[in-house]
Amino acid sequence: MRLVVDLNRCQGYAQCAFLAPDVFAMHGDEALLYNPHADDTQREHVRRAVAACPVQAILVEGLDEAVGASAASGEGMSRER
Ligand code: SF4
């Protein structure tokens, strides 16, 4: 899973840090730190964080396997069970 936070949009509401503390963290009052390569075990937390962000600043690639996950970048996206 690869994620990006649009820091121009992010208003530092910290919803994401609250819902997915292993992926997002507030540094001081406004700076957001995050792990752009969050582990798959964080999927559900990240999903909640994305849904909760009031300004939709969190963009995630590979969050929903069912949703057009045909990333042709050759980065091992062909995992089926
Ligand atoms: S929830 Fe959204 S606005 Fe708030 S800190 Fe996270 S990314 Fe920024």
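Scroll up to find the structure.
Everything numeric here is computed off the predicted structure, so don't read it as measured data. (Residues numbered from 1 in each chain as written. Predicted model: local features only at pLDDT ≥ 70, side-chain atom pairs only at ≥ 80, totals over all residues. Heavy atoms only, no water.)

(A) Representation of helix α2 (residues 43-52) in the model. Those residues of α2 that sit buried are Arg43, Val46 and Ala49. Viewed end-on, α2 has its buried residues packed into an arc of 125 degrees, placing them on one side of the element. Buried positions along α2 lie against β1 (2-5), α1 (15-19), β2 (24-27) and β4 (58-61). (Buried < 20%, exposed > 50% of the residue type's maximum accessible area, 1.4 Å probe, protein only. Helix = DSSP H or I, 4+ residues; strand = E, 2+ residues; numbered from the N terminus. Arc of directions from axis to C-beta. Contact = heavy atoms within 4.5 Å.)

(B) Region of interest: the site of the ligand. Taken together, 13 residues lie near the ligand, and Cys10, Tyr13, Ala14, Cys16 and Cys53 sit nearest. A class-by-class count of the residues in the shell around the ligand yields 10 nonpolar, 3 polar and no charged. (Near = heavy atom within 4 Å. Nonpolar A, V, L, I, M, F, W, Y, C, P; charged D, E, K, R; others polar.)

(C) Representation of the pattern of salt bridges within the structure. In the structure shown here, the tally under the stated rule is 4 salt bridges. A salt bridge links Arg9 to Asp6; its shortest N-O distance comes to 3.9 Å. Taking the relative accessible area as the measure of exposure, Arg9 reaches 42% and is therefore partly exposed. Of the charged contacts, one joins Arg47 and Glu44 as a salt bridge, the two residues approaching to 3.3 Å between their closest N and O atoms. You can see Arg47 and its partner Glu44 sitting in helix α2, 3 residues apart, about one turn around the helix. (Salt bridge = Lys/Arg side-chain N within 4 Å of Asp/Glu carboxyl O.)

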